[in-house]
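Fold and geometry: a report
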Amino acid sequence: MGDYSRKGSNSRLPPEVNRILYVRNLPFKISAEELYDIFGKYGAVYQIRAGDTKDTRGTAFVIYEDIWDAKSALDHLSGFNVGGRYLVVLYYQPAKFERKADAEEKQRELDLLRKQVAAKKAQLASAETDNS
């Protein structure tokens, strides 16, 4: 089905192109069947993982069998209106997600250290007032 998007057997794709698409701005109530209907029009879908937690609602990973089908879907569905929302379709970039996860972990560590320092300051301040 996705053969129509191929420019030729020698056609080269940019390095960021891959079989996995990251989709944002999905309606929270969209069903798996609706996702397969929308993305299946561009080729064989291997798997769809829709976000179901507070932080991941409205997002999904769509994995195609063929890289050309993924490219076609991204080209056609970026900005596509679904349930009154315009889809944001991007190629999944693992390094970008890892950097974000690392940054979130470092922020959590920093917040914990700030709490510990604030508690220690409060403890020292109360010890000073007790000695006065």
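Source: prediction; values computed, not measured.

What about the nonpolar core?
Leu21, Phe39, Val62 and Tyr64 are the most contacted members of the largest nonpolar core, which totals 22 residues. Where this core is concerned, the elements lending two or more residues are strand E1 (20–24), helix H1 (32–40), strand E2 (45–50), strand E3 (60–64), helix H2 (67–77) and strand E6 (88–91). Counting residues per element, this core draws most heavily on H2, which supplies four residues. Once residues lying within four places of it in the same chain are set aside, the contact partners of valine 62 are Arg19, Ile20, Leu21, Val23, Phe39, Val45, Gln47 and Ile48.

Re H2
Where H2 is concerned, the buried positions are Trp68, Asp69, Ala70, Ser72, Ala73, Leu74 and Leu77. Downstream of H2 by one or two residues, glycine 79 has phi in the positive range, about 90 degrees.

Description of the environment of glutamate 105
Following the sequence through the fold, glutamate 105 ends up in helix H3 (residues 94–131). Glutamate 105 sits in the partly exposed class, given a relative accessible area of 35%. A polar contact is formed between the side chain of glutamate 105 and the side chain of arginine 108, at a distance of 2.9 Å.

Definitions and limits used
- Residues numbered from 1 in each chain as written.
- Predicted model: local features only at pLDDT ≥ 70, side-chain atom pairs only at ≥ 80, totals over all residues.
- Heavy atoms only, no water.
- Core = buried A, V, L, I, M, F, W, Y, C linked by side-chain atoms within 4.5 Å.
- Buried < 20%, exposed > 50% of the residue type's maximum accessible area, 1.4 Å probe, protein only.
- Helix = DSSP H or I, 4+ residues; strand = E, 2+ residues; numbered from the N terminus.
- Contact = heavy atoms within 4.5 Å.
- Polar contact = N/O pair within 3.5 Å; in protein donor to acceptor, adjacent residues only side chain to side chain.

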